[in-house]
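Structural overview for review
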Amino acid sequence: LIDLTVNPVDSVRFVRDNGDTVDVTPFRMPGSGKQFAVAELPYLEGSVTVEILDESGTVLQTTAAFDLGNLTDAVSLESTPPLSTALTDPPLSVYVSNQSFADPSVDITVAIDGEDVVDGSFDVGSQHSWYEHALELDAGDHALIATSSGGASQEMLVTIEDGKQAFVVITYWGSVEGGDARFDISVTDTPPAFR
């Protein structure tokens, strides 16, 4: 587990000493003010470095190498100086999760008002991974559309009231027993409580 203080739009790459890489998107736990990046590594041997990248893929910061055989339960990294300032109480927070064991890895894109704000591959893992994307949007109505490589697509109108927050939870479910892949999308004015 890598504890990071980077903006939600940044990405993290784990680089093993044999050259293998794992790219992940950080997520922020509601109310904690902290972001996390989790990578599943097939074996705990050798060493790994962690790279923090911007949206264009440019490496902004690289850590020293960590010996995987001697890691504690969590490695904490704080960007020095901070790479960017995470939004506090953003007008819109979009949470995305893949809950489908039928599609254990699926590409999901979320566009708001025609602009992609989420675009990545989401693993089902243990079905307990929720990835937050904090967005600075003006008050008013915004057209959201979620699409997936599994064939699911859903649109929703999201209204942000002036001076208030909105929370969108997008859950992907793959096709099961001949059914179509689909999204469940909900909008609330309170942070979601994931269990």
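The sections below set out a description of the structure shown in this document. These numbers come from a predicted model, not from an experiment.

For the rest of this paragraph, the subject is the sheet that holds strand 13 (residues 131–135). The sheet built from four strands is open, its strands ordered 13-10-16-17 with mixed pairing. Where the open sheet ends on each side, the last strands, each with one partner, are strand 13 and strand 17 (182–188). Between one strand axis and the next, the sheet turns through 15 degrees on average, direction left out of account.

Moving on, we get to the pattern of salt bridges. Any two side chains of opposite charge can pair, on the condition that their charged atoms come close. Under the definition given, this model contains two salt bridges. We note a salt bridge from Lys164 to Glu161, for which the minimum N-O separation is 3.4 Å.

Throughout the structure, instances matching the rule amount to two aromatic pairs. Taken together, a centroid distance of 5.5 Å and an interplanar angle of 65 degrees make the contact between Phe122 and Tyr131 edge-to-face. Classification of Phe122 by relative accessible area gives buried; the value is 4%. Tyr131 sits in the buried class, given a relative accessible area of 16%. The interplanar angle of 65 degrees and the centroid separation of 5.6 Å between the aromatic rings of Tyr172 and Phe183 together place this pair among those described as edge-to-face. With Tyr172 in strand 16 (residues 166–173) and Phe183 in strand 17, this residue pair connects regions lying eleven residues apart in the sequence. Classification of Phe183 as buried rests on a relative accessible area of 4%.

Calculation notes
- Residues numbered from 1 in each chain as written.
- Predicted model: local features only at pLDDT ≥ 70, side-chain atom pairs only at ≥ 80, totals over all residues.
- Heavy atoms only, no water.
- Pairing = 2+ DSSP bridges.
- Helix = DSSP H or I, 4+ residues; strand = E, 2+ residues; numbered from the N terminus.
- Axes fitted to C-alpha atoms, helices over the stretch in contact; angles between N-to-C directions.
- Salt bridge = Lys/Arg side-chain N within 4 Å of Asp/Glu carboxyl O.
- Phe/Tyr/Trp six-rings, centres within 6.5 Å; stacked < 30°, edge-to-face > 60°.
- Buried < 20%, exposed > 50% of the residue type's maximum accessible area, 1.4 Å probe, protein only.

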